[in-house]
Amino acid sequence: MRRVVVTGANRGLGLEFVRQLAARGDDVVAGVRQPKLADALNKLASKSAGRVTVVQLDVGEPDDIAAAALHIGERFDSVDLLINNAGIWTAPDQPDRASSGPLADLRPDAVLEVLRINAVGPILVTQALAPCLAAAGQGVVVNISSWLGSIRGATNRGNLAYAMSKAALNMLTGRLAAELAGQGTIVVSMSPGWVATDMGGPSAPLEPPESVQGMLNVVNALTPAQSGTFLDHAGAVLPW
Ligand SMILES: NC(=O)c1ccc[n+]([C@@H]2O[C@H](COP(=O)([O-])OP(=O)(O)OC[C@H]3O[C@@H](n4cnc5c(N)ncnc54)[C@H](OP(=O)(O)O)[C@@H]3O)[C@@H](O)[C@H]2O)c1
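Before going into details, it helps to say that this report is about the structure given with it. (Residues numbered from 1 in each chain as written. Predicted model: local features only at pLDDT ≥ 70, side-chain atom pairs only at ≥ 80, totals over all residues. Heavy atoms only, no water.)

What follows deals with the overall build of the chain. Looking only at helices and strands, the chain has seven helices and seven strands in total. For the chain, the succession of helices and strands along the chain, N to C, is β-α-β-α-β-α-β-α-α-β-α-β-α-β. For a compact globule of 240 residues, the expected C-alpha radius of gyration is about 18 Å, and the chain comes in at 17 Å, within 12% of that figure. Principal-axis analysis of the C-alpha atoms gives the chain an extent of 50 × 40 × 35 Å. (Helix = DSSP H or I, 4+ residues; strand = E, 2+ residues; numbered from the N terminus. Rg over C-alpha atoms; globule rule 2.2 N^0.38 Å.)

In structure tokens form, the structure reads like this:
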């Protein structure tokens, strides 16, 4: 049994992570923006024999992060696995082009919002949970990135703020892998593939169960030597 924290657990990949982790017997704290509206997750939690706890955790809200970390510290002595999954494709209530481009259509508040949630959010959540990860001995942080965050790999145009945010997240992985090595914590970026969620859309070739199963298989087999790498859902190393 492991103790796991998943952000963005209301739907999509986050919800599927919680489903699979609970099914294998892990204790899971599932962070969502609005617990009362998290119907599918609450149903899952109610059938989990206490293994799934739902907490309010908007990764853009430092107060939520502090309260969730306090709750997690009280519930668990340590955290074995943190999955920084929460993310947005574009800024809510803004036209897509305000954060995706073209350049002339970008709006500073939309670009900043995508960076704030996708890149700064994982910094703050990891900072708050670092002591719990240290207490695990060999804790693991998985930053859910994207192929679009690969500077060498994703050469297409568009999705500007999203791609920048995932490249920044990848840099966080590299920096934290070095900083947290001393406390035994492994940090990786993972690309889930193109997955049929609300974000990925119905044309995506992968379904959430397959992507998440693949990522969990990779995470289960991680070694310290792999800390600071960027991996896909099948475990292949991706270019930064
Ligand atoms: N699907 C793909 O093809 C794909 C590909 C590459 C990478 N990814 C990455 O995989 C992760 C999950 O994506 P997905 O496909 O499952 O997307 P999704 O279906 O759009 O779900 C995103 C989840 O993130 C949550 N979220 C958004 N902003 C948040 C915040 N400020 N605080 C806490 N939770 C927040 C959402 O909460 P609400 O329900 O409250 O809105 C939702 O539960 C993201 O990081 C995404 O960038 C996805």
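After presenting the structure, the write-up continues.
Looking now at the sheet that holds strand 5 (residues 140-144). Across the sheet, which stays open at both edges, the seven strands sit in the order 3-2-1-4-5-6-7 with parallel pairing between neighbours. The open sheet has two edge strands with one neighbour each: strand 3 (52-56) and strand 7 (230-232). Adjacent strand axes in the sheet meet at a mean angle of 20 degrees, parallel and antiparallel pairs treated alike. Of the strand pairs in this sheet, strand 2 (residues 27-32) and strand 3 are connected by five bridges, and their pairing is parallel. When the sheet's bridge partners are listed, V28 is paired in strand 3 with V52. Where helix 1 (residues 12-23) meets the sheet, its contacts fall on strand 1 (3-6), strand 2, strand 3, strand 4 (81-84) and strand 5, and the angle it forms with strand 1 comes to roughly 165 degrees. Across the sheet, helix 3 (residues 62-75) touches strand 1, strand 2 and strand 3, and the angle it forms with strand 3 is around 155 degrees. (Pairing = 2+ DSSP bridges. Axes fitted to C-alpha atoms, helices over the stretch in contact; angles between N-to-C directions. Contact = heavy atoms within 4.5 Å.)

Moving on, we get to helix 7 (residues 208-220). With 13 residues, helix 7 extends 18 Å from end C-alpha to end C-alpha; this agrees with the ideal 18 Å at 1.5 Å per step. Listed as buried for helix 7 are P208, S211, V212, G214, M215, L216, V218 and V219. (Expected span 1.5 Å × (residues − 1). Buried < 20%, exposed > 50% of the residue type's maximum accessible area, 1.4 Å probe, protein only.)

In contact at an axis separation of 8 Å, helix 5 (residues 108-135) and helix 6 (residues 160-180) are set at 20 degrees when each is read in the N-to-C sense. Of the possible angle classes, the one that applies to helix 5 and helix 6 is roughly parallel. The handedness of the crossing between helix 5 and helix 6 is right-handed. Contacts between helix 5 and helix 6 involve V111, V114, L115, N118, A119, P122, I123 and T126 from the former and A161, Y162, M164, S165, K166, A168, L169, L172, L176 and L180 from the latter. Here the residues of the contact of helix 5 with helix 6 are counted per class, giving 14 nonpolar, three polar and one charged. (Parallel < 35°, antiparallel > 145°, perpendicular 65-115°, else oblique. Left-handed = near helix turned anticlockwise from the far one by under 90°. Nonpolar A, V, L, I, M, F, W, Y, C, P; charged D, E, K, R; others polar.)

Counting buried positions along strand 2 yields six of six residues, so the element is predominantly enclosed. Covered by surrounding structure in strand 2 are D27, V29 and G31 together with V28, A30 and V32, the residues of both alternating faces. The pairing of strand 1 with strand 2 spans four bridges and is parallel. Its bridge partner lying in strand 2, V5 is registered against V29. Running through helix 2 (residues 39-46), the crossover from strand 2 to the neighbouring parallel element strand 3 is right-handed. (Right-handed = clockwise from strand over helix to strand, strands pointing away.)

On to the site of the ligand. Taken together, the neighbourhood of the ligand is formed by 27 residues, with N10, R11, R33, Y162 and T197 sitting nearest. With respect to the ligand, the side chain of N10 contributes an N or O atom lying 2.6 Å from an oxygen atom. About the coverage of the ligand: the protein hides 93% of its 900 Å² of free accessible area. Secondary-structure elements contributing two or more residues to the shell around the ligand are helix 1 and helix 6. Of the residues that constitute the shell around the ligand, the class distribution is twelve nonpolar, ten polar and five charged. (Near = heavy atom within 4 Å. Polar contact = N/O pair within 3.5 Å; in protein donor to acceptor, adjacent residues only side chain to side chain. Areas by Shrake-Rupley, 256 points an atom, 1.4 Å probe, with all protein chains shown as cover.)

So, to be careful, I would describe these as geometric facts and stop short of saying anything about function.
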